[in-house]
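# Tertiary structure, described
This is what each chain is made of:
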Amino acid sequence: MIQQINAITPLEEARAALADAFELKFTKAVEKATQPVFDKVKDRIPEIEWPFYAPLIFEINRLKKKKNAAILAHNYQTPQIYYGVADIVGDSLQLAIEATRVEADTIVQCGVHFMAETSKMLNPEKTVLIPDSRAGCSLASSITAEDVLAMRAQYPGVPVVTYVNSSAAVKAVTDVCCTSSNALEIVEAVEGDTVLMIPDQYLAQNTAKKTKKKIITWAGACEVHETFTADDIAELRAAYPGAKIIAHPECPPEVIDNVDFAGSTSGMIDWIKTQKPPKVVMVTECSMSDNVAAETEGVSFLRGCNICPHMKRINLENVLWSLHTGTEEVTIPEELIEPARASVERMIEISTRKKH
Ligand code: 13P
Ligand code: SF4
């Protein structure tokens, strides 16, 4: 009997373990119940694969109700998770805000570990599960609380604005968090004319171009976005004349300076839905195009993306396993919960303040 199903569990082994508890057959009832999901994703998922996904989706949704659980999924999750089983989808800010409103007893986070930690610190009394706790993030692992304390000692009195892509320990020694959708707003909201903006050097550099404040940063980067270059954008423009090119602000400034729009994952989705460009390239994680394409008619999505290996650790098999076994539970040391939560709550308070 295997103890855990995760991203590297061979499919037959995972299915054998799940078969002990679930039928996982593509019956008429399963086909009917999952038809609305298939209608959404049929241009993204080959019909021949659907009989494998549908029974998992069916069981996850059944178990979710039985266990009073809610699934929070990031925009980078696969279409079968995003459209099949998620109760709430969004960018990091939306997921954090929604985490404060969840009524279910259990949250299953389909995203990376720092997102699950954020849900936990906002809901210390709830059970928060992540289907594979190794779903990390190169930004979160680039900096420790000790590094932040050393920066604070070097720059006494300078406020620390930390990207939510960070550990609970780092958030606990932070003044206020930010996400890619509110970075400028948060930098402008903190006191003083100098800000320590960590750990993403590129988000910091891209934000620095829009504020008069002096920004001091850290050498962290997103392994998915840091590889894009200005030459890539030039090549995309040559390959796809007339296509709009949009990117995430974790890309280096040389990329952001050459695209038609830059924004958080949800910012990009909203931009496409309102602008409806005939052709678009999303310079970000690959599932984004699949998810937006499934609900945007008249827009052709051209490829110019990278895969986040951490986000892709989450799959239907380990989501079902997680709900079935109550693993892997996310915990945060008691003494970190309050200070880490305060940094996230300050961010939410600034972001949701009524604008006059
Ligand atoms: P968003 O807040 O834009 O969803 O970004 C999260 C992330 O990890 C992007 O790489
Ligand atoms: Fe982290 Fe980059 Fe993956 Fe987002 S895409 S979770 S920033 S490694």
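As the structure is a computational prediction, the values presented were derived from the model and not from experiment. (Residues numbered from 1 in each chain as written. Chains lettered and ligands numbered in written order. Predicted model: local features only at pLDDT ≥ 70, side-chain atom pairs only at ≥ 80, totals over all residues. Heavy atoms only, no water.)

## What about the sheet that holds strand β4 (residues 127–129)?
Strand order in the open sheet formed by four strands is β2-β1-β3-β4, with parallel pairing between adjacent strands. The open sheet has two edge strands, β2 (88–90) and β4, and neither has a second partner. Each neighbouring strand pair of the sheet contributes to a mean axis angle of 20°, computed without reference to strand direction. As defined by bridge partners, strand β1 (residues 69–74) adjoins β2 across three bridges and the pair is classed as parallel. Across the sheet, residue L72 finds its bridge partner in β2, namely I88. (Pairing = 2+ DSSP bridges. Helix = DSSP H or I, 4+ residues; strand = E, 2+ residues; numbered from the N terminus. Axes fitted to C-alpha atoms, helices over the stretch in contact; angles between N-to-C directions.)

## So, the pairing of strand β5 (residues 160–163)
Judged by which residues are buried, β5 turns out to be covered on both faces: V160 and T162 on one side and V161 and Y163 on the other are all buried. Judged from the three bridges that link them, β5 and strand β6 (residues 176–178) form a sheet pairing that is parallel. Opposite Y163, over in β6, you have C178 as the bridge partner. (Buried < 20%, exposed > 50% of the residue type's maximum accessible area, 1.4 Å probe, protein only.)

## So, the sheet that holds strand β8 (residues 214–216)
Sheet architecture is open: four strands sit in the order β6-β5-β7-β8, paired in parallel fashion. Sheet topology places β6 and β8 at the edges, where each strand pairs with a single neighbour. Across this sheet, the average inter-strand angle for adjacent strands is 35°, counted without regard to direction. Alignment of β5 against strand β7 (residues 194–198), held across three bridges, turns out to be parallel. From the neighbouring strand, T162 faces β7, where its bridge partner is I198. Running over the sheet, helix α7 (residues 145–154) touches β5, β7 and β8 and is turned about 165° from β7. (Contact = heavy atoms within 4.5 Å.)

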